[in-house]
Amino acid sequence: MSVNVDTEIARPGDDSYVDAAWELKERIRRTEDVLKQRKGFFTDAYRRSTVHLLVTRDDESEELMGFAAVRRDGYILFLAVAPEFRGEGVGKRLVGRVAEDHDSITCHARASNENALGFYEHLGFEVERHIQNYYEDGGDAYYLKLGGNGGLTDKISEFMRG
């Protein structure tokens, strides 16, 4: 049995995979206490975004490995990778897909989410600012940015090789 990894794109207005993305986000929320958005907010943002997805498929099933939901301005609303696929370059591939369409990429990351902050730092994102009480539950965030001064292409090429 062969397993294929396919890249899918859900354009704004397309809710393909929205249920699978919600389920993955919720699984991560339950185990890691991050990605705490409510379903209405999540599904609305998903439907308004371009969503890059990596999906494994075999003869009998398919599984969502991860997804990145991105606004038109390059802001990543959601980036989630299934725990069983972490460390395999899934997040890097998703950010790479986002970078193909944008001169700079920005996002917020929960200040207490050391895994996310380490991941973004590894890719070359820089902290632009710390925001207190950013999240609905009172949690702080960092606003992160990659690129913007003509360096994004070089940074993306560098981390895609690494």
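Above this text is the structure in question.
## Regarding the overall build of the protein chain
Then, in step 1: Assigned secondary structure in the protein chain consists of five helices and seven strands.
Then, in step 2: Against the compact-globule benchmark of 15 Å for 162 residues, the protein chain has a radius of gyration of 15 Å, which places it among compact chains.
Then, in step 3: Considered along the principal axes of its C-alpha atoms, the protein chain spans approximately 45 × 35 × 30 Å.
Then, in step 4: Pairs at least 24 residues apart make up 62% of the contacts formed inside the protein chain by residues separated by at least 6 positions.
Then, in step 5: Accessible area of the protein chain: about 9000 Å², with a carbon and sulfur share of 41%.
Then, in step 6: Each charge class in the protein chain was averaged separately, 22 positive and 30 negative side chains, and the resulting centres sit 4 Å apart.

## Side note on the side chain of Glu26
Then, in step 1: Within the secondary structure, Glu26 is located in helix H1 (residues 18–32).
Then, in step 2: Setting aside anything within four residues of it in sequence, one finds Glu26 in contact with Leu35 and Gln37.

## Focus on helix H2 (residues 39–48)
Residues separated by three or four positions in an α-helix point in the same direction, a consequence of the helix having 3.6 residues per turn.
Then, in step 1: For H2, the complete set of buried residues consists of Phe42, Thr43, Ala45 and Tyr46. Each buried residue of H2 lies within a common arc of 165° when the element is viewed along its axis, so the set occupies one face. The outward face of H2, more than 90 degrees from its buried face, is lined by the exposed residues Gly40 and Arg48.
Then, in step 2: Of the surrounding secondary structure, the elements contacted by the buried residues of H2 are strand S1 (4–10), H1, strand S2 (50–57), strand S3 (62–70) and strand S4 (75–81).

## What to know about the nonpolar core
Then, in step 1: Core analysis: the biggest nonpolar cluster contains 43 residues, and Phe67 and Phe125 have the highest contact counts within it.
Then, in step 2: Excluding its chain neighbours within four sequence positions, the residues that come into contact with Phe67 are Ala21, Leu24, Phe42, Val51, His52, Leu53, Phe78, Leu79, Ala80 and Leu94.

Thresholds, definitions, all that
- Residues numbered from 1 in each chain as written.
- Predicted model: local features only at pLDDT ≥ 70, side-chain atom pairs only at ≥ 80, totals over all residues.
- Heavy atoms only, no water.
- Helix = DSSP H or I, 4+ residues; strand = E, 2+ residues; numbered from the N terminus.
- Rg over C-alpha atoms; globule rule 2.2 N^0.38 Å.
- Contact = heavy atoms within 4.5 Å.
- Areas by Shrake-Rupley, 256 points an atom, 1.4 Å probe, with all protein chains shown as cover.
- Lys, Arg positive; Asp, Glu negative; His and termini not counted.
- Charge placed at Lys NZ, Arg CZ, Asp CG, Glu CD.
- Buried < 20%, exposed > 50% of the residue type's maximum accessible area, 1.4 Å probe, protein only.
- Arc of directions from axis to C-beta.
- Core = buried A, V, L, I, M, F, W, Y, C linked by side-chain atoms within 4.5 Å.

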